[in-house]
Structure formats: C-alpha cells, structure tokens
Amino acid sequence: MAFQKSFLKLEGTVDGLSIYQSNDRYIVRKKSGVSGDRIKNDPAYVRARENMLEFGRSGKAAKLIRVAFRLQIADIADNGFTPRLVQTLMRIIKSDTVNERGQRDLLGGDTSELLNLEFNAGKSLTQIMHASFISSIDRSTGSQTVEVPAFIPSEKLSKPDGATHFRLFATAAELDFDADKHVSATMTSGDLVIGSKEETAKLVCRLPEASKKMLLLAFGIQFGR
C-alpha cells in the first residue's frame, strides 16, 4: 500500500493500481488479480461464495436488529456494538446444522449466543445493576416481561457521579429477516429515585400473538439528574 503525496488527487484505476480517498488521504493499492466474475462463477471459489452469502445474511440481520432497537442503541451502545453484533450473528449462522453451507441462517443456529450480548461492553448491565431480575417470553400471548423484585437502589446500583434518578426499560422485538420487517415495543419504569428506600418494577411489552418469528428482549438502565 502507498499514499499519494503529490498535488494530483486521482481516484479510480490506473495501470493496475486502485486509487481512492480515505480519511483525507489518497491511498494507492494494487488491484486484485481475481475478477468479480471469476469469484461468482469459478468452482474453485465456491467456498468464498458460500462465505460471502452467509456474511451478507449476518449483515442484513444486524441492520434489522439495529433498526428495531435504534433508540436504546443511540442512547447506550458503544462504538463496537455493531461489529460485536455481526460477529455474534455469524457464530449463530455457522452453528446451523439444518441447512447446507451457504444456506445456513439464524433460525437454524444456536440463538442463545445473543443472551449475553451487551449494548455497551464497557458498562455492562451486570456491572451497573446488582439487583436480580427475571425475564420471560410468552409466544402464545405475545407478552415479553422483565420483573425486578424489590431492591434498595443505593445498595444495588453503581451510579455515575451526580446521578439522582434512574429509569429501567425493556424493549421487545419481533424480527422477520426474510421480509426485512420488525415489530417492536418498549416499556419503561418512569423516573425512580436512587435515594429511595425500596423500588420494584414490572415491564411488559406486547407483541403479536403466536408469532413464529425470532423474538428478542432487551433490558437496561439509564441514569439522570
């Protein structure tokens, strides 16, 4: 790889070299010797095509999940959330033992990989909130619930400096990856006082009844002053 320093700011392909701009710099890279047409049709690249299909499937699924939980991601997620999400979805796709390579998908894989996915790896829920909670998903009724038994906030929360209030939230989503559509619902506890003697919460999100699509439930906490 080389960096262009001259006043000629070229972009495109010149004599087998690809020139493009990245972060205010012009980068020169030797053009790949393998054409896109060969990758699409050559039997020698069948594995590459399978990997591309499955990676594309994970990227499309990650985009739908980000849209379904966009408000929580905007407020809480760190910059590494999307790569972690894509990597997690790829592991799920690769664990699919029902479909052939290249056709493997999320619903055929081990979706329990999503259970411990954090929106913010640097401030995980278990690091911030030490109170117990119970989550449940009822497909028949479409109810997704998070219950937090009574706890004393000052003892069970690792609050940021200056925070006086907090809010618990639950967001549920029904995801249709084939149609690229979702249905989501969010419930919050309202503002709770950190200095109160005791707090409890029950958050119930309503989704379509008897859904056969993937259902996800996220639980989190936000602080305020």
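See the structure above.
To start, this report covers the structure provided alongside it. (Residues numbered from 1 in each chain as written. Predicted model: local features only at pLDDT ≥ 70, side-chain atom pairs only at ≥ 80, totals over all residues. Heavy atoms only, no water.)

Side note on the overall build of the protein chain
- Helix and strand counts for the protein chain stand at six helices and eleven strands.
- The buried share of the protein chain, reckoned over its 225 residues, is 33%.
- When contacts within the protein chain are restricted to residue pairs at least 6 apart in sequence, long-range pairs at least 24 apart make up 65% of them.
- Working note: accessible area of the protein chain is about 14,100 Å², and carbon and sulfur atoms make up 51% of it. (Helix = DSSP H or I, 4+ residues; strand = E, 2+ residues; numbered from the N terminus. Buried < 20%, exposed > 50% of the residue type's maximum accessible area, 1.4 Å probe, protein only. Contact = heavy atoms within 4.5 Å. Areas by Shrake-Rupley, 256 points an atom, 1.4 Å probe, with all protein chains shown as cover.)

Let's talk about the nonpolar core
- In terms of nonpolar packing, the biggest core is built from 23 residues, with Met129, Val148, Phe166, Leu168, Phe219 and Ile221 touching the most fellow members.
- Those elements giving two or more residues to this core turn out to be α5 (125–128), β6 (143–151), β7 (165–176), β10 (199–206) and β11 (214–224).
- Broken down by element, the residue count for this core peaks at four residues, all from β7.
- Counting 22 residues, the second largest nonpolar core, distinct from the first, contains Leu64, Leu85, Phe119 and Ala173. (Core = buried A, V, L, I, M, F, W, Y, C linked by side-chain atoms within 4.5 Å.)

Concerning the environment of Leu64
- As for its placement among the helices and strands, Leu64 is situated in helix α2 (residues 46–68).
- Put simply, Leu64 and Asp176 are 112 residues apart on the chain and 8.7 Å apart in space, counted from C-alpha to C-alpha.
- Ignoring any residue separated from it by four or fewer positions in sequence, one finds Leu64 in contact with Leu175, Asp176, Phe177, Asp180, Lys181 and His182.

Some thoughts on α2
- Over its 23 residues, α2 runs 33 Å from end to end, which matches the ideal 33 Å to within 8%, given 1.5 Å per residue.
- Burial in α2 covers these residues: Glu50, Glu54, Ser58, Ala61, Ala62, Leu64, Ile65 and Ala68.
- Contacts made by the buried residues of α2 are with α3 (70–76), α4 (81–94), β7, β8 (181–188) and β11. (Expected span 1.5 Å × (residues − 1).)

Section: the packing of aromatic side chains
- Under the defined criterion, the tally for this structure stands at four aromatic pairs.
- Residues Phe69 and Phe119 carry aromatic rings whose centres are separated by 6.2 Å and whose planes lie at 70 degrees to one another, so their mutual orientation is edge-to-face. In this pair, Phe69 is assigned in the loop between α2 and α3 and Phe119 in the loop between α4 and α5, connecting sequence segments 50 residues apart.
- A relative accessible area of 15% means that Phe119 is categorised as buried.
- The rings of Phe69, Phe81 and Phe119 are connected pair by pair, giving a single aromatic cluster. (Phe/Tyr/Trp six-rings, centres within 6.5 Å; stacked < 30°, edge-to-face > 60°.)

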